Amino acid sequence: MTHTLKSHYDVIVIGAGPGGLAAAIEAKKHGADDVLLIDRDLELGGILLQCIHNGFGVETFKEDLPGPSYAQRFVNEAQTIGIEYLLDTIVLEVTPDRRVYTTGARTGFKELSAKAMVFSMGCRERTRAQIRIPGPRPAGVFTAGTAQRWVNVEGYMPGSRFVVLGSGDIGMIMARRLTFEGAKVERVLEVMPYLSGLSRNYVQCLLDFDIPLQLQHTVKRIIGKNRVEAVEAVAVDDQWQFIPGTEELIPCDTLLLSVGLIPENELSQKAGVALDPVTAGPYVDDGFLTSVPGIFAAGNVVHVYDLVDWVTQAGRTAGKRAAMVVTGCCNPEPAYVPTRAGDNVRYVVPQRLDPETLTQEPIMLQMRVTRPLEQSVTVQVTDGDTLIAKKAERYARPGEMVSLTLKGKDYDAVRKAKELKVSVVPK
Amino acid sequence: MPQPYDIIIIGAGIVGAMIARTLARYDVRILWLEKASDIGVGATAANSALIHAGHDAVPGSLKAEMNVKANPLWDQLSEELHFAFQRTGAYVVAIGPEEFAKLEQLLDRARQNGVPAEILSGEVMRQREPQINPAVSGALHIPTGGIVDPWGATVAAAENAVLNGVELRLNTEFLDFIWEGEKASGRVDESKIQNPKSKIVGIHTSAGDFYARWVINAAGLFADEVMHKAGVRPEFKITPRRGEYFVMDRNQLQLNNVLFPVPTAVSKGILVTMTLHGNTLVGPNAENIEDKTDVDVTPQGMAETWAGGLKLVPGLKQRDIIAIFAGLRPAGNAPCANPAVDYAHDFIIEIPAEVAGFVNLGGMESPALTAAPAIAARVVELLQGAGEELREKAAWNPLRQDRPVFRHLTREEQAALVAQDPRYGRVICRCETVTEGEIVAEIHAPIPATTYDAIKRRTWLGTGRCLGGFDMPRVVEILARELGKNPLEISKKGPGSEFLFRQTKEAAL
Ligand SMILES: Cc1cc2nc3c(=O)[nH]c(=O)nc-3n(C[C@H](O)[C@H](O)[C@H](O)COP(=O)(O)OP(=O)(O)OC[C@H]3O[C@@H](n4cnc5c(N)ncnc54)[C@H](O)[C@@H]3O)c2cc1C
Ligand SMILES: Cc1cc2nc3c(=O)[nH]c(=O)nc-3n(C[C@H](O)[C@H](O)[C@H](O)COP(=O)(O)OP(=O)(O)OC[C@H]3O[C@@H](n4cnc5c(N)ncnc54)[C@H](O)[C@@H]3O)c2cc1C
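Residues numbered from 1 in each chain as written. Chains lettered and ligands numbered in written order. Predicted model: local features only at pLDDT ≥ 70, side-chain atom pairs only at ≥ 80, totals over all residues. Heavy atoms only, no water.

### Some thoughts on the sheet that holds strand 16 (residues 254–257) of chain A
Residue and element names in this part refer to chain A.
Okay, step 1: An order of 8-16-10-11-12 is seen for the five strands of this open sheet, with the pairing classed as parallel. In the strand order of this sheet, the two ends are held by strand 8 (141–143) and strand 12 (213–215), each with one partner. Averaged over neighbouring strand pairs, the angle between their axes works out to 20 degrees when direction is ignored.
Okay, step 2: In this structure, strand 8 lies alongside strand 16, joined through three bridges in parallel fashion. (Pairing = 2+ DSSP bridges. Helix = DSSP H or I, 4+ residues; strand = E, 2+ residues; numbered from the N terminus. Axes fitted to C-alpha atoms, helices over the stretch in contact; angles between N-to-C directions.)

### What to know about the site of ligand 2
Residue and element names in this part refer to chain B.
Okay, step 1: As a matter of local geometry, ligand 2 sits amid 36 residues, with Glu34, Thr44, Leu50, Met364 and Thr370 nearest to it.
Okay, step 2: Residue Lys35 places a main-chain N or O atom 3.2 Å away from a nitrogen atom belonging to ligand 2.
Okay, step 3: Take Ser366: an N or O atom from its side chain is 3.5 Å from a nitrogen atom of ligand 2.
Okay, step 4: Starting from 1000 Å² of accessible surface for ligand 2 in isolation, the protein chains cover 97%. (Near = heavy atom within 4 Å. Polar contact = N/O pair within 3.5 Å; in protein donor to acceptor, adjacent residues only side chain to side chain. Areas by Shrake-Rupley, 256 points an atom, 1.4 Å probe, with all protein chains shown as cover.)

### Quick look at the pairing of strand 4 (residues 89–94) of chain A
All names here are of chain A.
Okay, step 1: When you tally the buried positions in strand 4, you get six out of six residues, the bulk of the element.
Okay, step 2: Relative to strand 5 (residues 99–104), strand 4 runs antiparallel, the two sharing five bridges. Bridge pairing in strand 5 links Glu93 to Tyr101.
Okay, step 3: The antiparallel pairing of strand 4 with strand 5 creates a hairpin that spans four residues between the two strands, and Arg98 there sits at a positive phi of about 65 degrees. (Buried < 20%, exposed > 50% of the residue type's maximum accessible area, 1.4 Å probe, protein only.)

### Observations regarding the site of ligand 1
Residue and element names in this part refer to chain A.
Okay, step 1: In the region of ligand 1, 35 residues are neighbours, and Gly19, Asp39, Ile47, Asn300 and Val308 sit closest.
Okay, step 2: Contacts to ligand 1 include Pro18, whose backbone N or O atom sits 3.3 Å from an oxygen atom.
Okay, step 3: At 2.9 Å from a nitrogen atom of ligand 1 is found a main-chain nitrogen or oxygen belonging to Val91.
Okay, step 4: For the shell around ligand 1, the secondary-structure elements that each account for two or more residues are helix 1 (18–29), strand 4, helix 5 (169–180) and helix 8 (308–327).

### Some details on empty space enclosed by the protein
Okay, step 1: The full count for this structure, using the stated rule, is five cavities of 30 Å³ or more.
Okay, step 2: Here the largest cavity is characterised by a volume of approximately 390 Å³.
Okay, step 3: Residue lining of the largest cavity: 24 residues in total, with Arg128 and Val141 of chain A together with Leu467, Met472 and Lys492 of chain B positioned closest to the centre.
Okay, step 4: Those elements that place two or more of their residues in the lining of the largest cavity are helix 3 (128–131) and strand 8 of chain A together with strand 18 (321–331) and helix 12 (452–459) of chain B.
Okay, step 5: In terms of residues, the lining of the largest cavity owes the most to one element, strand 8 of chain A, which gives three residues.
Okay, step 6: Looking at the lining of the largest cavity residue by residue, the classes come out as 13 nonpolar, seven polar and four charged. (1 Å grid on protein atoms, 1.4 Å probe; cavity = no way out; pocket = protein on both sides within 12 Å on 5 of 7 lines; lining within 4 Å. Points joined across faces, edges and corners; volume = space filled by probe spheres on them. Nonpolar A, V, L, I, M, F, W, Y, C, P; charged D, E, K, R; others polar.)

### Overview of the sheet that holds strand 3 (residues 50–51) of chain B
Residues and elements named next belong to chain B.
Okay, step 1: Pairing within the open sheet is antiparallel, and its three strands lie in the order 3-8-4. Each edge of the sheet is formed by a strand with only one pairing partner; in this case those strands are strand 3 and strand 4 (85–86).
Okay, step 2: Here strand 4 pairs with strand 8 (residues 146–148) via two bridges, running antiparallel. Within the sheet, the bridge partner assigned to Gln86 lies in strand 8 and is Ile147.

### Brief notes about the pairing of strand 10 (residues 161–165) of chain A
Residues and elements named next belong to chain A.
Okay, step 1: Most of strand 10 sits out of view: four of its five residues are buried.
Okay, step 2: Sheet analysis places strand 10 next to strand 11 (residues 184–190), joined by five bridges and oriented parallel. Its bridge partner lying in strand 11, Arg161 is registered against Lys184.
Okay, step 3: Handedness of the crossover joining strand 10 and strand 11 through helix 5 is recorded here as right-handed. (Right-handed = clockwise from strand over helix to strand, strands pointing away.)

### Overview of the packing of aromatic side chains
Okay, step 1: Scanning all chains against the criterion turns up 15 aromatic pairs over all chains.
Okay, step 2: Their ring planes at 75 degrees and their centres at 5.2 Å tell us that Phe142 of chain A and Trp150 of chain A sit as a pair that is edge-to-face.
Okay, step 3: With 5.4 Å between their ring centres and 45 degrees between their planes, Trp151 of chain B and Trp460 of chain B make a pair best called tilted. One end of the pair, Trp151 of chain B, is in helix 6 (residues 150–163); the other, Trp460 of chain B, is in the loop between helix 12 and helix 13 (472–483), with 309 residues separating them in the sequence. Here Trp151 of chain B and Trp460 of chain B have matching classes, each one buried.
Okay, step 4: Among the aromatic residues, ring-to-ring pairing joins Phe142 and Trp150 of chain A together with Tyr452 and Phe499 of chain B into one connected group.
Okay, step 5: Above the plane of the ring of Phe470 of chain B lies Arg40 of chain A, whose end atom (NZ or CZ) is 4.4 Å from the centre. (Phe/Tyr/Trp six-rings, centres within 6.5 Å; stacked < 30°, edge-to-face > 60°. Lys NZ or Arg CZ within 6 Å of the ring centre and 35° of its normal.)

So this is what it looks like as structure tokens:
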């Protein structure tokens, strides 16, 4: 794999999760000869390696697979078609002209370069500091993903009695996993009046295991100097203010945080990639090209996905477009048509469409809604006045990505539009 | 009775460390005790990290004297011991016309203390710090102020002390004094001595008895309790005064100055300051509390601190906060030794007349970090004054070897280091780029880092945006491997703070 490592590549992909794997494979298939995949972990697969639960691949393979099995299919393909990779190797820096500095205990320190790059570094978890939980700083306050790594990869239990703060997917999945492992999960607390993860995870991970979920509740204080001894839970009103008199002391030794994910864009920033303050990921076009020529981004690094299948799809598009840069194409300064978040939409990805590259291939507009609508809704795109496309959904929830696919028949209207306004409104 | 020491030092904060380092120069046997599992975990672990110029200390106080004497010592110290220090200068920023009027008084005080300072216009201040509150009306510029890595300084001084022969014992708590004539049973044989509490000859600790001709009290927040056991200054009381802080993401906020507000009666106020790690620090507020171990962050404290930060830099954003913490100032109530100076919170640095064999320090609140090297020098003078000869050792080495810090190296240096030792190629903390090589070096350093927090303070790992979420499992694994322990035994900060409870069902099979 790494024996004949070159210093120049057609395409270098950073991050070997589902986004990066799909991008590398697709770049190779579309004419990029030398493709290198780099990951700091010891194996290919990204975050999927620690997601040993089922629920992956229902769209892509019409099968319900555990994370590592889903990843393995792409790993096999990548190896078959001859993609090179560097593992246990971190990318320290990417310059705007695509020089790449890496270091690894086994791979040494390297300077590489590429004609095109795909960033697929995934995301990181929000921490205690970001939500400013009062109290001392004992051991036993972990993010759910850290606990997941400990349990599923290292084989250790980071506690015996848990409270989970936040109803994100990882927190709910971990609540079930820890229960399987004989731990007691006292409660899941969620500050919002609705779930922040997928409804299916609520049913399969909490309801089925009698783990109580309390909406509009949070942790007022952590107790315990060396190790967590309890948390003080409290109800909050619509303005997130504590409601006096509702405090409750819950004895526990661990507080797990599942309070959101943030795209991991330190490298992107150094490379000069412009970031969208709403998603915290790069502004991308329909080919997942960022603001820096030759640098693409796909997966959780762009915005946080709930289903791996859409990550794979984004990776494929980015990889294919990266190959097109290598083989020579593309107007360097497209006259973009921007997308804009309209009614009840927090953001839309991609943030802009290149009218010249619109082909017969469908383009999926991905969005998150601002507030939940528990009724039939219309997802619609207009050019400001006239409807371009729409679809119906049974409901819209902030915890679940909403999408609308534009097809060839819509493209004439898209090309003429000054901007595309996307909204999700009651039917 | 075991071979007695010449000197025992109680407490391994910055003050104890500077004393140990300074005394290690002399031909004396020194035992240095710390009750925690690591050095530098008290007030020294959570403060503003400023080397104060001495501009606002009360003129004529011991604090002012020690501060002003110590300030110029830091350049040489940081060169000899290799820790991060930068003479940045500092600004006291006036917002609005009323505060501007106060700058004159501050300038006057600085002059009385012999500290160079100048008043700048609001316009100049806006140029020097574009992120400052546009309502800035002026500022006092104090060019000799600086910033330091307080943990780095403590570890460096301590390590140098240990390499020069000081015996450091962690996890060893001072419990009481042993008096001359006291029998091994701990009871005083009154018949043998005239004054039962006249001469200290040793101490009882949680790890046994130790004897020495001198005992130095550098116990920080607990200095009052130590001196009371010696029968000294029964009226002296330390009140923990808590200060809360925010650490900001350096990728989102770059601020290149040390900004004080115009001070209040009780404290220097809530600062917005650059640090040597590149992060901006906002804090501290000041709240007197009871419990000397209560480093909770609180909703009120956070709100007050944030408001204080916004006053100086209105553009601060809550989403850029990456860490919150609190520290306790060991605020004392000792009047200034000079009766002409009306000041009731001075440092104590003395050999009390009523007890022999005791060097007593107390009230080591700000600016004791800054003042520590001068305090250490004063301790030497006191001992010499009491007849200690303190001969210099021929073998004394003032220098401490630097250890590589991967992120501070150029790309070429990084490549060379990785080629030489591949462990420096494996990045364990992704946000702060701390490598396995650095972690292993700290675990096997002259003062070994044996807990997660000890490694964190030394390498700055786990302090970035993800707060250790990524590195924690990896550091636990490295600690276990290097210390030959089971991962279940690895703790955050000593016994009772272990991370892991047991293996999972599959792993246990
Ligand atoms: C805990 C969890 C549970 C989930 N459960 C489900 C589910 O049940 N069903 C489902 O469909 N989806 C699920 N998802 C969502 C989906 O799996 C993720 O969205 C998807 O794995 C993201 O893929 P990615 O390639 O963008 O990022 P990742 O898989 O996170 O991969 C990013 C990779 O980049 C590497 N990297 C980052 N920075 C660097 C650097 N500087 N140098 C080298 N390498 C670097 C990382 O090591 C990592 O391997 C879950 C996600 C999580 C986090
Ligand atoms: C919020 C805040 C901001 C500050 N900002 C600054 C600043 O910017 N600049 C500045 O110069 N100063 C500052 N200070 C002050 C400075 O941090 C302290 O003055 C300094 O760290 C005191 O050091 P120390 O060694 O005396 O105490 P500590 O660091 O508390 O060390 C005392 C040690 O003694 C040990 N100990 C106690 N009792 C026993 C016992 N019985 N047996 C064994 N060991 C014992 C403790 O565990 C501890 O490690 C600040 C302080 C705070 C809290």
